[in-house]
Amino acid sequence: MKDQNKTNNQLIAELNELRERVSEMEQSETEWLQVKNELEDSKAQLAESQLVAKLGSWNLNFAEQKLEWSDETYRLFDKNRVEFTPSFEEFARLVHADDLETMKTNFNKALESNDSPYHVVIRIVNDSRREWVMEAFGVVKRDEENKPLGIFGTAQDVTERVLTHDRLIEAEKKASAASQAKSEFLAHMSHEIRTPLNGIIATADLLLELEEEGDRNRYVQIIKQSGSVLMSILSDVLDFSKIEAGKMLLDFHSFSLKDLLSDISVAFEPELNKQQIALRCQVSTDVPDIIISDPNRLRQILFNLLGNSVKFNQKNGVINLHVSTFDDKNNHVNSGEFICIQFKVEDTGIGIPSEHKERIFESFTQADRSVTRQFGGTGLGLRICKQLCQLMGGDIHLESAEGIGTSVMFRIPVKTGSAIKQSQISLAQSTKMAQETRILLVEDNPINRQVACALLKALGYTINIAENGENAIDSILVNNYDIVLMDCQMPIMDGYEATRRLREEEKFKNLPIIAMTASVTKEERMRCKEVGMNDFIAKPIDMRSVKATLSKWH
C-alpha cells in the first residue's frame, strides 16, 4: 500500500512539474509573440517614417554579395520587389553615365578610410527614362581586424532641392549681373550729368567775365544746349522709373502726324547740318494725317531712334524714316476702328555686332563700353522705346549689320481722328490778352523767381510776386488776379495748404491756380488736383510750355 502511495505521489509531482514546464513554455511563447509583434510594429513604423521622409535604406553585404533594399528604396527607384533583385551591378546600371565614376571614387574612398562615411549625390535614370537626383549616405561595417564587411546606408530623392539650389545660383548670378550693370550705369550717369553741368558752369563764368557783346549769344546757346542734355538725361531716368513701377500714363488724343514729323525734322536740322547727314522722310499715301494716339510718347520714341541714328552715323551719311500702314491680322488691327502704322528708321551708321543685338533693348545697355566712351548716352533710350511701344499696344525690333547700318522698326495701333480745329485768335489778340492778364507768381527760390518773372514778362504778362503761401493769400485778398502760379514746396506755408485755404473761400473757388513744381510723378499731380489746383507746369519751365498752359486759362 505504501509503495502504491509513493508511486502516486511521484506521478503527481511529475505531473505538477510537467504543468510548470508547459506554463513556462506558454509564457515563453507569449513573450516571443510579444517580441515578434513589437518587431513588426517597429518595422512598420520604420517603413512609414521612410515613406514620409522619402528616405530609403539599403544594406550591402560583401561576404554574401547581397544588396538589400527597403520598401521605400524600391519606390524611389520605381522597382517592384517581386520582379527586381537589387545588386551592386544592377544599381550601377541605373546611375547616369556621367556620374558613375564619381560614385565609384566615393565608394572606394569610404572603404579605404576609417573615418570617412560614404556620401554621394548622383543622377539616376530609371527604365522609364525619368531622371532624378539621389543623395546617398553610408556607414562601413568592419570586423575586429578592421576589414570591411559591408555598408549600411540611406538613399533620398533630392531632385527638387538640387533644382532649387541651381535656381538660386542662377538668380544670384542674374542679381549680381544686374547690380553690376546698375553700378556701371550710375558711374556712367555721373559722367553724363557732370559733362553738361561743366558746360553750364564754365560758360556762366565766361559770361560774367565777358566784355564784348558779340560772343554773348553763342555762350547762352551753349548753356541752353547743356541744359537740354541734362533734361533729356533726367527724363530718361524718370520715364524708366515710372514704366518699371507701372505708373506711366498715356494721353491719347487727336493730332496731326504730318505736323509732328515736321516738328521733329526741324528739331534735328542743326545737328544734321553740322554732321552733313541727310534725313529723308517718306509717308505712304494710305497713312491718315489726323490720328488718335499719344503724340508726346510717339515723339519721344522717334526722337530716341533718330537721335541714335544721328549719333552713330558717319559724315555724309543718310537716315531714312519710312511711315506706312501695316496689315496686322494677328492682333486684329486694321479691322474696325484701329489701323496699324509702321515707322521704320534706317541709317548708314556703324551698326551693331550680332552678339549684342539681343541685349540692345535691355536696361542700362549699350553695344559695348567702347561705344559708351565714344558716343555717350545713358543706355536707357531703346529700353524706354520698347516699353513705350508695348504700352501703346505695339512692338519694336531691330536689324543691324556692323559697319553697314541699323534699321529699327516699330508698329503701333492708332485710331483715325477728325480734323483739328485751328485757333482763330490772332497773334495781336493773344498779346493783348496776355497784357491784360494779371498773374501772381508764388515762388520762394530767388533764382527761380527771377527766371520765371523774366519769362512771364517776355510773354507780355503783368506780374506780382509772393515768396510763400501765406504772403500769397494776403496778396490775393487785396488784389484781383486772373491766374496764380503756385510753387508747391515752400517754407512757412506750402502751395498745397495755401490752395486748400483759398478754395474754402467762395469768391476764390474759380480762381485759376496752376502748380509749378519740380516733381512730375502721378502722385504729385493727384495731390495738386485734390487740393484744388487747376493745372500743372513742370520745372524747369520753358517758354513754350508756360505759354501753352497759360493760354488755356485767360
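Residues numbered from 1 in each chain as written. Predicted model: local features only at pLDDT ≥ 70, side-chain atom pairs only at ≥ 80, totals over all residues. Heavy atoms only, no water.

A.B. asks: Just to check I follow, could you spell out the overall build of the chain for this structure?
C.D. replies: From N to C terminus, the chain includes 16 helices and 17 strands. A burial count over the chain gives 37% of its 554 residues as buried. When the accessible surface of the chain is summed, it comes to about 34,000 Å², and 51% of that surface belongs to carbon and sulfur atoms. (Helix = DSSP H or I, 4+ residues; strand = E, 2+ residues; numbered from the N terminus. Buried < 20%, exposed > 50% of the residue type's maximum accessible area, 1.4 Å probe, protein only. Areas by Shrake-Rupley, 256 points an atom, 1.4 Å probe, with all protein chains shown as cover.)

A.B. asks: Where do I start with the nonpolar core in this structure?
C.D. replies: Generally speaking, nonpolar side chains in soluble globular proteins are found buried as a group. Within the largest apolar cluster, 42 residues are counted, with the highest numbers of intra-cluster contacts made by L257, L298, L302, I341, F343 and F410. Broken down by secondary-structure element, the contributors of at least two residues to this core are α6 (216-244), α7 (257-275), α8 (295-311), β9 (318-326), β10 (338-347), α10 (381-391), β11 (395-401) and β12 (405-416). Beyond its immediate stretch of four places on either side in the chain, F410 contacts L298, I301, L302, L305, I341, Q342, F343, C389, D395 and I396. The next biggest cluster of nonpolar side chains, apart from the first, holds 24 residues, and it includes F84, I124, A136 and I151. (Core = buried A, V, L, I, M, F, W, Y, C linked by side-chain atoms within 4.5 Å. Contact = heavy atoms within 4.5 Å.)

A.B. asks: Please explain the side chain of S293 as it appears in this structure.
C.D. replies: Summarising the element assignment, S293 is placed in strand β8 (residues 290-293). For S293, a relative accessible area of 1% puts it in the buried group.

A.B. asks: Looking at this structure, how should I read the sheet that holds strand β1 (residues 55-61)?
C.D. replies: Strand pairing in a sheet is mediated by backbone hydrogen bonds. Such pairs are either parallel or antiparallel. The sheet built from 5 strands is open, its strands ordered β2-β1-β5-β4-β3 with antiparallel pairing. Because the sheet does not close on itself, it has two edges, and the strands there are β2 (66-69) and β3 (118-125). Strand-to-strand twist across the sheet, computed as the mean angle between neighbouring axes with direction ignored, equals 25°. In terms of strand pairing, β3 meets strand β4 (residues 131-142) through 8 bridges, oriented antiparallel. The residue bridging I122 from the neighbouring strand is M134, located in β4. Together, β1, β3, β4 and β5 (148-157) form the strand contacts of helix α4 (residues 100-112), whose direction differs from that of β3 by roughly 155°. (Pairing = 2+ DSSP bridges. Axes fitted to C-alpha atoms, helices over the stretch in contact; angles between N-to-C directions.)

A.B. asks: Hey, could you run me through the sheet that holds strand β14 (residues 462-466) in this one?
C.D. replies: Pairing is parallel across the open sheet formed by 5 strands, whose spatial order is β14-β13-β15-β16-β17. The sheet terminates laterally at β14 and β17 (535-538), the two strands that pair on one side only. Between one strand axis and the next, the sheet turns through 25° on average, direction left out of account. Relative to strand β16 (residues 513-517), strand β15 (residues 483-487) is paired through 4 bridges, and the arrangement is parallel. Note on β16: the bridge partner recorded for D487 is M516. Where helix α16 (residues 543-551) meets the sheet, it contacts β13 (438-442), β15, β16 and β17, and its direction lies at approximately 175° from that of β17.

A.B. asks: When you look at the packing of aromatic side chains in this model, what are you seeing that I'm missing?
C.D. replies: Between two aromatic rings, the relevant description is the distance of the centres plus the angle of the planes. A complete count under the given rule lists 10 aromatic pairs for this structure. Measuring from centroid to centroid gives 6.2 Å for W58 and Y118, while their planes differ by 85°, and the two rings are edge-to-face. Placement of the pair is W58 in strand β1 and Y118 in strand β3, with a sequence separation of 60 residues. Comparing W58 with Y118 shows no difference in burial state: the two are buried. Taken together, the aromatic side chains of W69, Y74, F77, F84, F91 and W132 make up a single cluster linked through ring pairs. Over the ring of F84 we find K79; its NZ or CZ atom is 5.1 Å from the centre of that ring. Sitting over the face of the ring of Y496, R527 holds its NZ or CZ atom 3.7 Å from the ring centroid. (Phe/Tyr/Trp six-rings, centres within 6.5 Å; stacked < 30°, edge-to-face > 60°. Lys NZ or Arg CZ within 6 Å of the ring centre and 35° of its normal.)

A.B. asks: Please explain unusual backbone geometry as it appears in this structure.
C.D. replies: Among all residues except glycine, the phi angle is most often negative; among peptide bonds, the trans geometry is most common. One non-glycine residue, D78, adopts positive backbone phi at about 55°. Relative to the elements of secondary structure, D78 occurs in the loop between α2 (71-76) and α3 (88-94). You will see that N146, though not glycine, has its phi angle at about 70°, which is positive. Position of N146 relative to the elements: it lies in the loop between β4 and β5.

A.B. asks: So what exactly am I meant to see when it comes to the pattern of salt bridges here?
C.D. replies: Opposite charge on two side chains permits them to pair, given that their charged atoms come into close proximity. Here the structure, examined in full by the defined rule, presents 14 salt bridges. The salt bridge involving E145 is made with K147; its shortest N-O contact spans 3.8 Å. In this structure, R500 engages E504 in a salt bridge whose closest nitrogen and oxygen atoms are separated by 2.7 Å. With relative accessibility at 37%, the residue R500 sits in the partly exposed group. The class for E504 is exposed, based on a relative accessible area of 53%. (Salt bridge = Lys/Arg side-chain N within 4 Å of Asp/Glu carboxyl O.)

A.B. asks: Is there a simple way to think about the confidence of the model for the chain in this case?
C.D. replies: Low pLDDT means the predicted coordinates in that region are not meant to be read closely. Per-residue confidence for the chain gives a mean pLDDT of 80, with 72% of residues at or over 70. Highest mean pLDDT in the chain belongs to helix α14 (residues 495-503) (95); lowest belongs to helix α9 (residues 369-375) (45). Of the regions scoring below 50 in pLDDT, residues 367-376 engages in 18 contacts with residues more than four places distant in sequence or in other chains. Ignoring residues within four places in sequence, the model shows residues 423-427, a span with pLDDT below 50, making 3 contacts including any to other chains. (pLDDT = per-residue confidence, 0-100.)

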